[in-house]
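# A look at the structure
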Amino acid sequence: MNYWLIKSEPSVFSWKDLLASPEQITFWEGVRNYQARNYLKTMKKGDLCLFYHSNANPLAIAGIAIVAEEATPDPTALDSRSDYFDPKASPENPRWFGVRVKAHREFSPPVLRSELSDTPELFDMLLLQKGSRLSVQPVKKEHYQIILSLWEKEK
DNA sequence: GCCAACGTTGGC
DNA sequence: GCCAACGTTGGC
């Protein structure tokens with residue numbers, strides 16, 4: 001099994017929005033970066049994703065989602081009314097993909113970015129690197145476990 | 001609101 | 001293929 005981190009701006013789609021979704025599942029749409037897309041394509045059912053709130057207050061991991069369905073073409077790329085429309089995408093060559101994720105566990109309280117930054121063992125976590133803005137990124141198992149233990153400590 | 005870092009576009 | 005210009009991301 002692999003571990004990931006997926007970013008979302010809560011003003012666009014928050015952890016609460018995921019909880020409020022039918023069956024607490026959503027299609028992770030709108031990723032328009034090739035590296036992030038390639039990671040989405042390698043996700044397997046059952047993989048766990050840290051759900052991170054970017055451009056938010058507080059910046060934090062709000063919970064864990066689980067991959068419920070592996071990558072399929074992102075329909076918003078073909079929808080001219082969508083903010084995510086891509087004129088270069090076509091049914092024959094979808095270009096962009098998404099997975100379906102389901103709420104797995106809520107971090108309550110959330111694990112703050114500042115706590116991550118204060119944890120020496122996480123210094124090399126991709127999220128914390130300067131200039132890092134990949135919206136779908138792999139997470140090392142060790143890092144995942146450290147983050148879980150941060151949450152266990154404060155719940 | 002600022003701005004550094006990054007990815008993409010397009011002229012050459 | 002190079003690289004300057006531009007638009008976006010996202011922490012602060």
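What counts and what doesn't
Residues numbered from 1 in each chain as written. Chains lettered and ligands numbered in written order. Predicted model: local features only at pLDDT ≥ 70, side-chain atom pairs only at ≥ 80, totals over all residues. Heavy atoms only, no water. Near = heavy atom within 4 Å. Polar contact = N/O pair within 3.5 Å; in protein donor to acceptor, adjacent residues only side chain to side chain. Helix = DSSP H or I, 4+ residues; strand = E, 2+ residues; numbered from the N terminus. Expected span 1.5 Å × (residues − 1). Contact = heavy atoms within 4.5 Å. Salt bridge = Lys/Arg side-chain N within 4 Å of Asp/Glu carboxyl O. Phe/Tyr/Trp six-rings, centres within 6.5 Å; stacked < 30°, edge-to-face > 60°. Buried < 20%, exposed > 50% of the residue type's maximum accessible area, 1.4 Å probe, protein only.

## Some remarks on the protein's contact with DNA strand B
Close to DNA strand B lie Asn-33, Tyr-34, Lys-88, Lys-130, Gly-131 and Arg-133. The sugar and phosphate moieties of DNA strand B supply 70% of its atoms located within 4 Å of the protein. Measuring from a phosphate oxygen of DNA strand B, one finds a side-chain N or O atom of Lys-130 at 3.3 Å. In the environment of DNA strand B, a base oxygen lies 2.6 Å from a nitrogen or oxygen atom belonging to the side chain of Arg-133.

## A look at unusual backbone geometry
The omega angle of the peptide bond from Asn-57 to Pro-58 is 5 degrees, so this bond is cis rather than trans. Mapping Pro-58 onto the fold places it in the loop between strand 3 (48-53) and strand 4 (60-73). Going from Ser-108 to Pro-109, the amide bond is cis rather than trans, its omega being 5 degrees. Among the structural elements, Pro-109 can be located in strand 5 (residues 97-112). Of note, Glu-23 is a non-glycine position whose phi angle comes to about 60 degrees, a positive value.

## Quick notes on helix 4 (residues 141-154)
Because each turn of an α-helix spans 3.6 residues, side chains separated by three or four positions in sequence point in the same direction. Between its first and last C-alpha atoms helix 4 spans 20 Å; for 14 residues at 1.5 Å apiece the expected length is 20 Å, and the two agree. Elements in contact with the buried residues of helix 4: strand 1 (3-8), strand 3, strand 4, strand 5, helix 3 (113-117) and strand 6 (136-139).

## Topic: the pattern of salt bridges
Applying the stated criterion across every chain, the model contains six salt bridges. A salt bridge links Arg-81 to Asp-79, with the shortest nitrogen-to-oxygen separation between them at 3.3 Å. The salt bridge involving Asp-86 is made with Arg-95; its shortest N-O contact spans 2.5 Å.

## Notes on the packing of aromatic side chains
Enumeration according to the criterion identifies seven aromatic pairs in this entry. Aromatic pair Trp-15 and Phe-51: ring centres 5.4 Å apart, planes at 80 degrees, arrangement edge-to-face. With a gap of 36 residues between them, Trp-15 in helix 1 (residues 15-19) and Phe-51 in strand 3 connect regions that are remote in the sequence. We classify Trp-15 as buried; its relative accessible area is 2%. Using a relative accessible area of 0% as the deciding quantity, one classes Phe-51 as buried. An angle of 80 degrees between the planes, with centres 5.4 Å apart, marks the rings of Trp-28 and Phe-51 as edge-to-face. One end of the pair, Trp-28, is in the loop between strand 2 (25-27) and helix 2 (34-42); the other, Phe-51, is in strand 3, with 23 residues separating them in the sequence. Exposure remark for Trp-28: the relative accessible area of 6% places this residue in the buried category. Put simply, the rings of Phe-13, Trp-15, Trp-28 and Phe-51 pair up and form one aromatic cluster.

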